Each structure stands twice: as structure tokens, then as C-alpha cells.
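Results of the structural survey
Each chain, written out:
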Amino acid sequence: MCGLTGFLDLSGQTGPTELRTRVAQMTHTLHHRGPDNGDVWVDVVAGLALGHRRLAIIDLSPEGRQPMHSADGRYVIVFNGEIYNFELLRPELVQRGHSFRGHSDTEVMLAAISEWGLPAAVKKFIGMFAFVLWDRQERTLSLVRDRLGIKPLYYGWVGQTFLFGSELKALCAHPHFTGQVNRDVLALYLRHGYVPTPYSIYQGIGKLPAGTILTVRAAEPTAPLTPVSYWSLKEVAERSLTRPFEGSTDEAAMRLDTLLRDAVKLRMVADVPLGTFLSGGLDSSTVVALMQAQSERPVKTFTIGFYEAGYNEAENARAVAQHLGTEHTELYLTPDQALGVIPRLPTLYDEPFADASQIPTFLVSELTRQYVTVSLSGDGGDELFAGYKWYFRGENNWRRLSRIPSTLKRVAAKSLTTLSPDTWEILFRQMAPVLLHKIKSRNLNEEKPYHLAEVLQIEQPELFYAWLISHWKHPAVLLSGAQEPLTVLTDRSRWANLPDFMHRMMYLDTALNLPDAMLTKVDRASMGVSLEVRVPLLDHRVVEFAWRLPLSMKVKNGQSKWLLRRILNDYVPAELIERPKQGFSVPIAAWLRGPLRDWAEALLAERRLREEGYFQPHLIRQKWSEHLSGKYNWYYYLWDVLMFQAWLDEWGSG
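Here is a short report on the structure shown in this document.

Its place among the elements puts Gln460 in the loop between α18 (448-456) and α19 (461-469). By relative accessible area, which is 27% here, Gln460 ends up partly exposed. Sequence-distant contacts of Gln460, defined by excluding residues within four places in its chain, comprise Trp398, Arg492 and Trp495.

What follows is the structure, encoded as C-alpha cells:
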């Protein structure tokens, strides 16, 4: 796991010293991603500069350092991630005449690209990766990101200079970077609590979509930047309809167990100490069980606990660890320890990011890094096997709404916003349980008539789901008319043609929320302490098989992740797993009324908001006052704004 950055300067006015100095400054910002060593390489004629920071995992010798050249001298690469099947590809490449200096996966990647070409080689890779490849013969620069978007890669033109890097802070270090906030994208951030791909918070800078290759030709600097897909989640999901798994449940369990075992085994290869996160939940317990089943020594497992009972899963994790016989380490956190992370968040997440579970994720990463350099994680199980509770709520509510005639819904929607408050209160108590059973949208009850009226007017299930998961329902109002760009949630051309609503929700989450929220959270938290995290459940072979499974094998008798549970029951007794899920967060809502109040008040000061000019101050202040009163819980709304304000303090408005 590493950090990469660099630029292609087509001005023709930047000398070798400047190239090296600038890329060295950019590379230095990524020291946390690769503390072991760092190097740069420049092609003065081309105006190209590549920088790399290395966290040595495979082949700790100097032969594994980057930027790395292919044996024939044609290619130069900077690479972040791991190719887990490199030891399987290596013998085939040797048979085809390739020789190797060292034992790194990077060297195998270069040989594979030399042998088969870039697109064909990438399709052979099993792993998580973001890399930049310079073709000295064709004078092209190619940016590549893994199939599920596990590893990050930002890019964009600044004048005549094309910048790229693992994190935005590297781009910010280039002297030509201005960093103007994109107000339209800011609206997207307020809706989601993160900035969705392909956008970034800065104008002109984007994220490379998962499963794509972007090629920049030095001879065609004005050509559009158009990522080309080499693997498509949409195609995988839709193909599952024509090629569904047709075997028995037993056969499905055996096949999934085999795939997961191999995915875990490949991710246990490392030349440094290795362990795994263990929350005690189904996904992490499955990963730990399959690790321990294939290990000759106790696996190192790590968890953190909270003294607040409603947020503590450490006891469950300990029970699973004891049953499997792992070498278990846990740390109980005080509120002061969790609160101490908050000032560091803008640096860790150099783009606004408002999932409060980023705090415990950083703390468990910090704990784990004291003992190992690589950790496995159970991310992805909820999206692949229908694990989120809101899938069931969303499906039930959409079914209820779909039964109401369209004409009646339009009339009801219009009427709801014209009723008196007293009349509304009476009708809401009667109508809401029928129309929106246990919808539990954030703060629905506090904005009853308007939210229910909006829901009644939604005609497409994808748009209904987008409404359900939105934080600020109308962020453009908060930002004085910003226009939200399209995302996979709102662009109909990117919706997968799937027959059932639950699979549609799973698809949308895997395409958007998984890479931009869940995986971003883990990447920044773990790399902030120089810890590599691997996610075996997101092996693309597992993903493709999971999509072929019928929904009846994922959900049975109202129970989610049914097939995954069946596999885990062969390793861990059901009573250790079958319990209510508590989540992995901290009591932000209460802290905003207590120890975080002064910090939040300073960030939300009316004068400051007015001078900065991003938000309508009176709307923010109203939410803040109502939250402090204890009558309402506006935590999701406020945390979005607070994380942007804290980010603005750190990185400025450009």
C-alpha cells in the first residue's frame, strides 16, 4: 500500500530542477501512506514527473521501490495497492520469456502489461489498485482504478498541467493549484455526507470511476478526459438475470465458501505482520474464521470498545475470538479519546466527509497498527448480501406507496402542504403508519407534511431510494440555488435494469455509497496511520458470484445475508452471531449538546457563515438552535456542515 502523485506539464517551460522539486513537494504530502521510502522520476522532454511513497508489504528489498521501469524500458509505473494473484501470473510470464529482478507484484504488473497490453493485463489482475502508467513509446499517460473503487485516484487539468494523486493534498501542493470550491458539488456533499465520484470538492478536479482506464495523450492535450470501462458493475448485475446460479442451496454454499476461502488466502500473503479487524458482526467474523481455518498460528484480531452500552460490540467480538482461538487485542475508549480525533479529521480526510464512524475507524486502525502492518476487513458484505436494514424498510415502503393510485397520491401531496398544523398532526398520526410504515427517514417526523408530500410524488424506485438516504433533502436551498450534478442515483442511464427493488438498492449502494463512503472512510483512516487494509469480500470473483445468486439465497424468512450466515455457522455457533447490530459509531448527537458545543458554535457562528458565503446562515442557525434545545435531533444535518466548515479551516476556500 502506497501513495502516488505526479503531473504532466505541457507548457514546455519547466526545467528538470523545477520538475523534481514540485513532484517532491507533492510526494511529501503522502508520507503517511508510505513511510518506508519515497522516490521521484522525471522525463524532462515530456514534462512528466512521477512521485511515490512506499509502505513495503511485498518484497521489502530495494527491488520493490517505485517509480518502477519495465524490463524493456517502455513503461514507468507508480502504483498504490496489491495484486494478490501476482505469484500465479509470474510463472506464466516466465514461460513467455520474461525475467524478474525482485519479487514484487509491481514488477509482475509491468511484465503483464508488456506482454498483453494494458486493458488485457488489468482484466487478469485480482486485487485493489490505483496506478499511473507512462508509455514512453506512445507518449501516453494512463490512470487505472480497481473494479470496486477500493483505492482512490484524483486527477484534473490546471492550466497546461495535468495533476494526479492518491489524495487531494498532493494536488494542492502543486504551485499552480488554486482549489476553488465547486458549489454544485458541495450540494451533493450535503445530500450524501461525502463527495460522490466522479466529482471532487474542487472545480476541475475529479475522481477516476471504479473499473476504468483514463488515457491522456501528450500530443492531444485538449482531448476530452473520458474514462473507459474495463469492468462494469452494471453489466455484472444485469448479466446475472441471463446467467443466474441454478444450483441448489448446498451447492451455492460450497461455491461461495470456496471463493471466500481463496479470496482470504490470497490476502494473507505479506512479508510483514498481518491481522484483522473483528467487530463480532457477521462479515468480520466470517473473514476471521476463514483466516484462522487457513493459518497455522493464531490470527491477530483487533477491536475497540466503548463504555456506552449502545455503542459497544467489544464483548461480542471477544466471544468470537475466544471460540476461534485468535490472538485478540481490544481497547476500551473514553469519550476524550474519541473527541481527540475530531481535530485531525480535516487532515485525514482532505475532502469534506461526514460519516461519524470515521472516528472509531481511525481509532481501531491506530490500535491495529501498533501490532501489524496489514489488516483484513469485512467491508462489502452488506451491499452484496442485503445486510442493511433500510433495504427492508425501503422495499416495504415502496410496495405500500406503489399500491396507491397516482391520482390519489398527487391530490394528497398537494393537500398535505396546505393543511393547518393542528389538522396535519391529526392526519399524520392516521396516515403515516399506513403510507410509510417504519420509514425512519432521518427526521421525517420533524418535517412531516413536506417530506410526506415529496414521497407521494416520487414515481421511480431509484429516486425514492435517493430520497430515503439523503441527509439534506434540498441542499440547493441551503446554498442559494446550486445545481446538483448527476450521480448514479439520479442519472437514469446508469440505473441497472433489475426486476426487484432490493437488488436495485444493493446495486446503487455498491456503485456509489460503497466506494465513496465506506471504502473512503477505511482508506483514509487506515492510511493515516500507515496501515494497509484488505477487503476479501470485495474480490471481484466473489462480487460476480454474489450477483448471480437469487435473492431467496440472500434473504430468507426475513433474515438478511442468509447464505453468508450458513457458511459462518460451520465455523462459529449461531448464538455468537445472531444478535441486533449496534453499528460502529459514536454519540455525536449528544456530544454536540455537550463537549463539542463550543467547537461547533465557533464553526457555525452567524457572522462567519455570512462572510464565507457558502450557506444561508439563518437555516443553519435554526437547525443548531433546535438541536441544542433537545426537542429535535439534527445531528446528520449539522455534522455535514461542521465537517465542511472544519475542512474549510484546514484547506481554505481557494
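On we go.
This next bit is on the pairing of strand β13 (residues 274-277). Strand direction decides the pairing type here: β13 and strand β16 (residues 374-376), joined by three bridges, are parallel. Looking across to β16, one finds that Gly275 is bridged to Ser375. For the segment spanning β13, helix α9 (residues 282-293) and strand β14 (residues 300-306), crossover handedness is right-handed.

Before going further, it helps to spend a moment on helix α21 (residues 501-527). Of all the bends in α21, the greatest, near 60 degrees, is centred on Leu514, and the proline Pro515 appears no more than four residues after it. By the criterion of burial, α21 is predominantly enclosed, with 25 of the 27 residues buried.

All right, on to the pairing of strand β1 (residues 2-9) then. Most of β1 is tucked away: eight of the eight residues are buried. What you see with β1 is no split at all: Cys2, Leu4, Gly6 and Leu8 on one side and Gly3, Thr5, Phe7 and Asp9 on the other are buried throughout. Note: β1 against strand β9 (residues 161-165), five bridges, orientation antiparallel. In the strand pairing of β9, Gly6 is matched with Phe164.

Another point: the sheet that holds β13. Strand order in the open sheet formed by five strands is β15-β14-β13-β16-β17, with parallel pairing between adjacent strands. Each having just a single partner strand, β15 (327-333) and β17 (532-534) make up the two edges of the open sheet. Between one strand axis and the next, the sheet turns through 30 degrees on average, direction left out of account. Sheet topology note: the β13/β14 ladder contains three bridges and is parallel. Among the inter-strand pairings, Thr276 is bridged to a residue of β14, identified as Thr301.

Looking at where Thr373 falls in the secondary structure, it is placed in the loop between α13 (358-369) and β16. Along the sequence, Thr373 and Gly275 sit 98 residues apart, while their C-alpha atoms lie 8.1 Å from each other. Setting aside its immediate chain neighbours within four residues, Thr373 contacts Leu55, Ile57, Val272, Pro273, Ser530, Leu531 and Glu532.

The subject of this paragraph is the packing of α13 against α21. Running from amino to carboxyl end, α13 crosses α21 at an angle of 40 degrees, the nearest separation of the two axes being 8 Å. In terms of orientation, α13 lies oblique with respect to α21. Where α13 crosses over α21, the two elements pack in a sense that is right-handed. Contacts from Gln358, Thr361, Phe362 and Ser365 of α13 reach α21 at Lys521, Val522, Ala525 and Ser526. Across the contact of α13 with α21, the residue classes break down as three nonpolar, four polar and one charged.

The next point concerns the nonpolar core. In this structure, Phe131, Ile359, Trp547, Phe615, Trp639 and Phe644 are the most contacted members of the largest nonpolar core, which totals 195 residues. If you tally residues by element for this core, the top one is α21, at 14 residues. Apart from the residues lying within four places of it in its own chain, the contact partners of Phe131 are Leu4, Ile77, Val78, Phe79, Met109, Ile113, Leu118, Val122, Ser142, Leu143, Val144 and Leu153.

With respect to the helices and strands, Ser357 occurs in the loop between α12 (345-348) and α13. For Ser357, a relative accessible area of 6% puts it in the buried group. For Ser357, the side chain forms a polar contact with the side chain of Asp355, separated by 2.7 Å.

Cut-offs and rules
- Residue positions within a chain follow its written sequence, with the count starting from 1.
- Selection of residues for local features in this predicted model requires a pLDDT of at least 70, selection of side-chain atom pairs for listing and counting requires 80 or more, and totals for whole chains, interfaces and linings are taken over all residues.
- For the side-chain quantities, the full set of heavy atoms in the structure was used; hydrogens and water were omitted.
- Numbering of helices and strands starts at the N terminus; helices are DSSP runs of H or I of at least 4 residues and strands are runs of E of at least 2.
- Exposure categories follow from relative accessible area, calculated using a 1.4 Å probe and restricted to protein chains: below 20% of the type maximum is buried, above 50% is exposed, and the middle band is partly exposed.
- Every residue pair with non-hydrogen atoms within 4.5 Å of one another is taken to be in contact.
- Pairs of strands are assigned from DSSP output, requiring at least two bridges between the strands.
- Crossover handedness is defined here as right-handed if the route from the first strand over the helix to the second strand goes clockwise, with the strands pointing away from the viewer.
- Bend at a given residue is defined as the angle between two axes, one fitted to the seven residues that end at that position and one fitted to the seven that begin there.
- Structural elements are reduced to axes, namely lines fitted to C-alpha atoms, with helices fitted over the stretch in contact, and the angle between N-to-C directions of any two is expressed from 0 to 180 degrees.
- Throughout this description, any angle smaller than 35 degrees is read as roughly parallel, any larger than 145 degrees as roughly antiparallel, any in the 65 to 115 degree range as roughly perpendicular, and the remainder as oblique.
- By convention, the crossing between two helices is left-handed when the near helix turns anticlockwise from the far helix through less than a right angle, and right-handed when the turn is clockwise.
- Gly counts as polar in this scheme, as do all residues outside two lists: the nonpolar Ala, Val, Leu, Ile, Met, Phe, Trp, Tyr, Cys and Pro, and the charged Asp, Glu, Lys and Arg.
- Each nonpolar core is a collection of buried residues, namely Ala, Val, Leu, Ile, Met, Phe, Trp, Tyr and Cys, held together in the definition by side-chain atoms within 4.5 Å.
- We define a polar contact as two N or O atoms separated by no more than 3.5 Å, with the added condition that, inside protein, one atom must be a possible hydrogen donor and the other a possible acceptor, whereas residues neighbouring each other in sequence contribute only through side-chain atom pairs.

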